[in-house]
Amino acid sequence: MVLNVVLRFAWLQTVLGFKVSFLHRESLITIVASLEIIRRGIWNFFRLENEHLNNVGKYRAFKSVPLPFNYDDNEDEDE
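Residues numbered from 1 in each chain as written. Predicted model: local features only at pLDDT ≥ 70, side-chain atom pairs only at ≥ 80, totals over all residues. Heavy atoms only, no water.

Per an unreviewed UniProt entry, the protein is named EXS domain-containing protein, and its organism is Carya illinoinensis.

1. Focus: the pattern of salt bridges
Stated formally: Any Lys or Arg side-chain nitrogen found within 4 Å of a carboxyl oxygen on Asp or Glu counts as a salt bridge. Per the convention used, a helix needs a DSSP run of H or I reaching at least four residues, while a strand needs a run of E reaching at least two, with both numbered from the N terminus. Burial classes follow relative accessibility: with a 1.4 Å probe on protein chains only, a residue under 20% of its type's maximum area counts as buried, one over 50% as exposed, and anything between as partly exposed.
Within this structure, the stated rule accounts for two salt bridges. Residues E36 and R39 are paired through a salt bridge, measuring 2.8 Å at the closest nitrogen-oxygen approach. Linking E36 with R39, this pair stays in helix α2 (residues 25–57), spanning three residues, or about one helical turn. Across the salt bridge formed by E36 and R40, the nearest N and O atoms sit 2.9 Å from each other. Highlighted residues: E36 and R40, both in helix α2, separated by four residues, approximately one helical turn. With a relative accessible area of 12%, E36 lands in the buried category. Exposure remark for R40: the relative accessible area of 51% places this residue in the exposed category. Sharing partners across several salt bridges, the network here consists of E36, R39 and R40.

2. Re the UniProt feature "signal peptide" (unreviewed entry) in the protein
Where we set the bar: UniProt positions are given in the numbering used here, feature names are shortened, and annotations may be inferred rather than shown by experiment.
If you check UniProt for "signal peptide" (unreviewed entry), the listed places come out as residues 1–17 in our numbering. Between the C-alpha atoms that bound residues 1–17 there is a distance of 25 Å. The span itself is 88% helix and 0% strand.

Written out as structure tokens, the structure is:
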């Protein structure tokens, strides 16, 4: 993915300390941090989509989650 590589190089330039003459340092940090948030959001979307497809494809998706205890109205009558 080309966008991932470009955004990683944008982040890398702040670590290595390249000088960009037409921007203030604070502005550059703000822009690069925003781009990093967008990059991570894109990858989180892909990871979530992949997990969803794996769950549905392997029939692991359930409508209800089993409770760790038994809930029966009949148990109250025995006591």
